[in-house]
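# Structural characterization, general
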Amino acid sequence: LSQVDTLNDIASSFSGFAKMPEPVIQKLELVALLKRVTDLHSPTGEIALRSNEKEVYILGDEQLLSRTFSNLILNGLQSGRPGRRTRVTVTLEAGDDKVKIYVEDNGRGIDPEIADRVFLPHFSTKKSGSGLGLAISRQAVHQMNGTISFETKVGKGTKFIIELPRQ
């Protein structure tokens with residue numbers, strides 16, 4: 001029964017990825033959104049939110065961005081190394097025309113041999129999950145005319161960087 005449930009979850013994820021809804025692009029306040037997402041996950045680990053602004057407006061899909069930030073935070077929390085407390089820091093830097101959001105962890109880092117595959121659908125280094133989280137995140141950010149990338153150091157951690165146009 002456990003394996004059937006797992007297969008059912010995977011099938012649902014594949015189905016959801018195949019028919020991603022069109023984004024609902026509207027003006028939204030990003031600092032408040034990041035605060036809600038980090039507060040949601042704070043009981044599960046050490047998460048800090050930093051921002052150089054009190055309010056930053058962008059055009060984006062609130063649900064897709066929430067999902068993207070949640071996925072990056074969860075991935076960061078799950079990247080921990082044995083015997084070391086995992087920490088995730090979410091930083092927002094607002095420029096004149098762009099907003100950068102960094103989601104950084106102090107986990108294991110991403111092996112260079114797999115780094116070029118992390119955004120591919122169905123790729124995962126975890127024993128559970130569908131391998132769609134980063135693929136969905138990338139698609140969502142691109143639909144909002146943004147970019148997503150990462151920097152990593154094995155044994156030190158990973159920093160995901162999202163750039164979105166500022167409203």
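Since the structure is predicted, the reported quantities are computational estimates derived from the model, not experimental observations.

To continue, consider the pattern of salt bridges. Taken as a whole and judged by the stated rule, the model has four salt bridges. Put simply, Lys 35 and Asp 39 hold a salt bridge, and the shortest N to O gap is 3.1 Å. Taken together, the positions of Lys 35 and Asp 39, both in helix H2 (residues 30-41) and four residues apart, correspond to about one turn of that helix. The salt bridge partner of Lys 98 is Glu 163, with a shortest N-O separation of 3.3 Å. Here Lys 98 is found in strand S5 (residues 98-105), whereas its partner Glu 163 is found in strand S7 (residues 157-165), with 65 residues between them in sequence.

Glancing now at the sheet that holds strand S4 (residues 87-94). Taken together, five strands build an open sheet; the order of strands is S2-S4-S5-S7-S6 and the sheet is mixed. Two strands in the sheet have a free side with no partner beyond their single neighbour: strand S2 (46-51) and strand S6 (147-153). Strand-to-strand twist of the sheet, defined as the mean angle between neighbouring strand axes without regard to direction, takes the value 15 degrees. Bridge analysis of S4 against S5 gives seven bridges, and the strand direction is antiparallel. Bridged to Thr 91 within S5 is Tyr 102. Of the strands in this sheet, S2, S4, S5, S6 and S7 touch helix H3 (residues 62-77), which is tilted by about 170 degrees from S7.

What counts and how
Residues numbered from 1 in each chain as written. Predicted model: local features only at pLDDT ≥ 70, side-chain atom pairs only at ≥ 80, totals over all residues. Heavy atoms only, no water. Salt bridge = Lys/Arg side-chain N within 4 Å of Asp/Glu carboxyl O. Helix = DSSP H or I, 4+ residues; strand = E, 2+ residues; numbered from the N terminus. Pairing = 2+ DSSP bridges. Axes fitted to C-alpha atoms, helices over the stretch in contact; angles between N-to-C directions. Contact = heavy atoms within 4.5 Å.

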